[in-house]
Each structure stands twice: as structure tokens, then as C-alpha cells.
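The lines below spell out each chain.
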Amino acid sequence: MLHDIAVGVDGSPAGLAAAHWAAREAARRGTGLRIVHAWHRHPRPAPDVPLDRTEHQWAEQVLREAAEAVRAAHPDLRITERLVCDAAVAALIATAAETDLLVLGSLGLGAVGGFVTGSVSQRVVARSPKPVVLVRAGRGEAGDHLPAVDGIAPEEIPETPFRPVVLGLDVGHPCDELLEFAFDAAHRRGTGLRVVHAFRVPNRPAFDPAETAAPAAVADPAPGPEALAAEESAVAAVLRPWREKYPTVRVTGSVREGRAAVALVHAAKDAGLLVVGRRASGHRLGAHTGPVAHAALHHVGCPVAVVPHD
């Protein structure tokens, strides 16, 4: 039995954009969609609760309106609703454990030029046992596809080709979960897969995840031909069995010396989906996204899938 995709909604435009993206992904996979809203009792109602509603009534309305909007756009999709009285992070992590994919919304650009990722989303991404996709506010179906050519009506946009899927690959720690997710995503969309691998020469400073601005490209000296050839060979070896498993997926590779965060932010500018990995620490309190996933979540405009792995 195929597991559902789940999406967390909170009444925000970002949450609704995530719900519609999740619905399209569920349709591609042939699964259902579970729409989840978590609410928590407070000594005093939260500021966003209308004066004529209780917190529970407002939570029911938020969930109902999101479900109605998705059903209107996807009448043939199997949709279930779940209202959970619990802290948002705990409820979403529990939901992720029961499904194959969790989708969350992410805010738009912040004052310093990066995307604002809420504390709930960051903590869920860092601790989820399953892949999590973050979708930007305002992201619609047209953003999944390449620009329509002249003469194509807006309702025909789904017939235009999908934007490519981009995969950030570390050949030092390749994992089947990450590769499977990226190849499967490209296969279902009938689009290409760009595999990006960046490597560092010794004694070069790494990207600091505490930086708030987008990582800037740095003109580093080109690595020697032997080092570059070795990295390209390693990438080819990792991809070989997956190319055989997905022969229809067009795979292109990019191997460069430099910071992985810089390479991925650049490669994902026209992507439909970016796929990155997260090392699962196994420790609830010590969970973190890692510098590359952190940069992707804050500086890439397309949906970002963060796949946990050992």
C-alpha cells in the first residue's frame, strides 16, 4: 500500500502554497494527501485567533479552508484531514514518521535577501525521520515548469516541460535514500537530473552556516587535472547503478572545486526541485540541518527536499 504525502498548514499563504505543491506531488505518485494542522491550547488565545472564535474553532476553520482549496483544485485526489492538539513541531514530526514525505511552507525573502525559514520548519527539517520539502510562499504550478512558449494558454502550462531536478551529491558520503529520491523525482516529472558535486582542496575555509547573506562565489584557482579527474570518476561510479535503474532520466553532472553551498545555490536558480541530504544524528537534542542544507533552505527559491540519511 502506498503511503500518503502529508502537508502541514497554518493558515498562511506559504502553507497553502505547500498544500497545492503536495497535492500535485501526490497526484504524480498516485497516493493520497493528508492535510494536518496542529494547534495548542494557551492560557490566553493567540493574537491571530478572532475574538468570536475559540482556539479550537479557529483551528478547525484553518484546516477546513485549506482542504476546501486543495479539493477544488484537485477533485480526484484522495484527501484526508487531521487536526492535532499538540505542539506544532511534535505533531509534524509524528506525522512525518507515518508518511513517505512531509511538505511545509516557507516564507518569502527577508530583509537581508535570504528566504525566511520559520523556527517550526527548521526544527522539523532537522529532526524528521522522513524527507521534508519546503515550498516558498507564492510558488504556483507554473513555477514547476519551464516558461511557456508563445501561443500556450495558462491552463496548458502543465503540458510544458518540467524544470530540472538538481541533486547535491557528496561522493564521500553517498546514500541510497538521497539518490533514490532525486532520480525518482526526475523520472516522475519526465525531466533531467543535474548532479552537482563540489570538493575542497586542503586548507580552504569552509562556508560558515552562521552567515546571513547568500554565499558569494569565490574565484578559487582551478584544481589540478588529476584531482578533478578523480572526483569526476568518483561521481560517475556513484551514479552508474542509478543510471541503469532509471535509463530514461537524462543525467548531467557538474564537478567543481569550491564550496558546495555556492555551487548548489547557483545550480538551483532555474530548477524545479533541489534535493539535498542531511546526516541523521540520532540525537533529538543535537539535530541540525548541516551547512549545505542550511544554505539551500535560506537562499534557494525553488522547493527544497531535505532527505535524512545515516
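Calculation rules
In this convention, every chain numbers its residues from 1, walking through the sequence in written order. Where local features are concerned, this predicted model is filtered to residues with pLDDT of at least 70; where side-chain atom pairs are given and counted, the filter is 80 or more; whole-chain, interface and lining totals use all residues. Only heavy atoms go into the side-chain values, all of them from the structure, while hydrogens and water stay out. Strands were regarded as paired on the criterion that DSSP finds at least two bridges between them. Working definition: helices are DSSP H or I runs of at least four residues, strands are E runs of at least two. Numbering for both runs from the N terminus. Angular values range over 0 to 180 degrees, each being the angle between N-to-C directions of two axes fitted as lines to C-alpha atoms, with helices fitted over their stretch in contact. Exposure categories follow from relative accessible area, calculated using a 1.4 Å probe and restricted to protein chains: below 20% of the type maximum is buried, above 50% is exposed, and the middle band is partly exposed. Residues are treated as being in contact if the distance between any of their heavy atoms lies within 4.5 Å.

(A) Geometry of the sheet that holds strand β5 (residues 132–136). Strand order across the open sheet formed by 10 strands is β3-β2-β1-β4-β5-β10-β9-β6-β7-β8, with mixed pairing between neighbours. The open sheet is flanked by β3 (79–85) and β8 (251–257), the only strands paired with a single partner. Ignoring which end each strand starts from, the neighbouring axes of this sheet average 25° apart. Where strand β7 (residues 193–199) lies against β8, seven bridges are found, and the strand directions are parallel. Within β8, the position partnered with R194 by the bridge is T252.

(B) Seen up close, the environment of V133. Counting through the fold element by element, V133 comes out in strand β5. For V133, a relative accessible area of 0% corresponds to the buried category. Distance from V133 to V275, taken between C-alpha atoms, is 8.8 Å for residues 142 residues apart in sequence.

(C) Representation of helix α4 (residues 119–127). For α4, the complete set of buried residues consists of S121, V124, V125 and A126. On its buried face, α4 is in contact with α3 (88–98), β4 (101–106), β5, β9 (273–279), α8 (291–299) and β10 (304–309).

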